Amino acid sequence: MNYSIDVSLEHNNEFASFLKQMIRDYNDKHSPHHSKIRKEDSVHPINIIVSGDDEQWVGGISAEVYWDWVEINDFWLGEECRGMGLGRLLLNKVETIAKEKGANKALLTTFEFQARTFYEMQQYKVVGEIKDYPPGSSYYTMVKSLK
């Protein structure tokens, strides 16, 4: 069989979906944990939305519970909401819901210029660091025991 290699510097959603599906299939084949979670549809999403008086979104948190973990994917609050304890409240709420769904550990990533200090104040520990990503900063993986 002959193969051709094509280079594209454009976004290609169809190709990105193809790659994700191939990786998913590979993981399902080689990891019983991946296969089981997909068959049982046991990924539990958590979305906590913060709205202002005008009912416009001003922030929130998005997470998923699986494999006894909660993975915090996105967490953001508008400037006007910061420094009032709302972030701590949201994080505590998502951790409480996650524990009810069976999670005993939490995982998240953050950049140095984002919220590392905030997460450390909530007992998250750095377990991985990529230095100079982006240049002049670091990228962290952080975990917390929920027990």
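In this text, all values refer to a predicted model and were calculated from it rather than measured experimentally.

**Examining the sheet that holds strand E4 (residues 105-111)**
- Taken in spatial order, the six strands make up an open sheet running E1-E2-E3-E4-E6-E5, and their pairing is mixed. Of all strands in the sheet, those with a lone pairing partner are strand E1 (44-51) and strand E5 (125-131), marking the two edges. Strand-to-strand twist of the sheet, defined as the mean angle between neighbouring strand axes without regard to direction, takes the value 20°.
- Alignment of strand E2 (residues 57-66) against strand E3 (residues 69-77), held across eight bridges, turns out to be antiparallel. Across the sheet, residue Gly-59 finds its bridge partner in E3, namely Leu-77.

**Observations regarding the layout of surface pockets**
- Within this model, the largest pocket holds a volume of roughly 560 Å³.
- Taken together, 24 residues form the lining of the largest pocket, with Phe-75, Trp-76, Ala-115, Phe-118 and Tyr-119 sitting closest to its centre.
- Residue assignment for the lining of the largest pocket shows that the elements contributing at least two residues are E3, helix H3 (86-100), E4 and helix H4 (116-121).
- Looking at the lining of the largest pocket element by element, the count peaks at six residues for E3.
- Partitioning the lining of the largest pocket into residue classes produces twelve nonpolar, nine polar and three charged.

**A word on the nonpolar core**
- Ile-46, Val-70, Ile-72, Leu-91, Val-94 and Tyr-124 are the most contacted members of the largest nonpolar core, which totals 23 residues.
- In this view, Tyr-124 contacts Ile-72, Leu-91, Glu-95, Ala-106, Leu-108, Tyr-119, Met-142, Val-143 and Lys-144; residues no more than four positions away in its chain are not counted.

**Section: the pairing of E5**
- The sheet contact formed by E5 and strand E6 (residues 138-145) spans six bridges and is antiparallel. Across the sheet, the residue bridging to Val-126 is Met-142, located in E6.
- Here E5 hands over to E6 after six residues, with Asp-132 in that stretch at a positive phi of 65°.

**With respect to the side chain of Glu-95**
- Within the secondary structure, Glu-95 sits in helix H3.
- When sequence neighbours within four positions are dropped, the list of residues in contact with Glu-95 reads Tyr-124, Lys-144 and Leu-146.

**Focus on the packing of aromatic side chains**
- Scanning all chains against the criterion turns up ten aromatic pairs.
- Plain terms: the ring middles of Phe-75 and Phe-118 are 6.2 Å apart, the flat faces sit at 65° to each other, and that makes the pair edge-to-face. One end of the pair, Phe-75, is in strand E3; the other, Phe-118, is in helix H4, and 43 residues separate them in sequence.
- What makes Phe-118 partly exposed here is its relative accessible area of 22%.
- Measuring from ring centre to ring centre gives 5.2 Å for Phe-111 and Phe-113, while their planes differ by 10°; the resulting arrangement is stacked.
- Phe-113 gets classed as exposed once you look at its relative accessible area, which sits at 55%.

Scoring rules and cut-offs
- Residues numbered from 1 in each chain as written.
- Predicted model: local features only at pLDDT ≥ 70, side-chain atom pairs only at ≥ 80, totals over all residues.
- Heavy atoms only, no water.
- Pairing = 2+ DSSP bridges.
- Helix = DSSP H or I, 4+ residues; strand = E, 2+ residues; numbered from the N terminus.
- Axes fitted to C-alpha atoms, helices over the stretch in contact; angles between N-to-C directions.
- 1 Å grid on protein atoms, 1.4 Å probe; cavity = no way out; pocket = protein on both sides within 12 Å on 5 of 7 lines; lining within 4 Å.
- Points joined across faces, edges and corners; volume = space filled by probe spheres on them.
- Nonpolar A, V, L, I, M, F, W, Y, C, P; charged D, E, K, R; others polar.
- Core = buried A, V, L, I, M, F, W, Y, C linked by side-chain atoms within 4.5 Å.
- Buried < 20%, exposed > 50% of the residue type's maximum accessible area, 1.4 Å probe, protein only.
- Contact = heavy atoms within 4.5 Å.
- Phe/Tyr/Trp six-rings, centres within 6.5 Å; stacked < 30°, edge-to-face > 60°.

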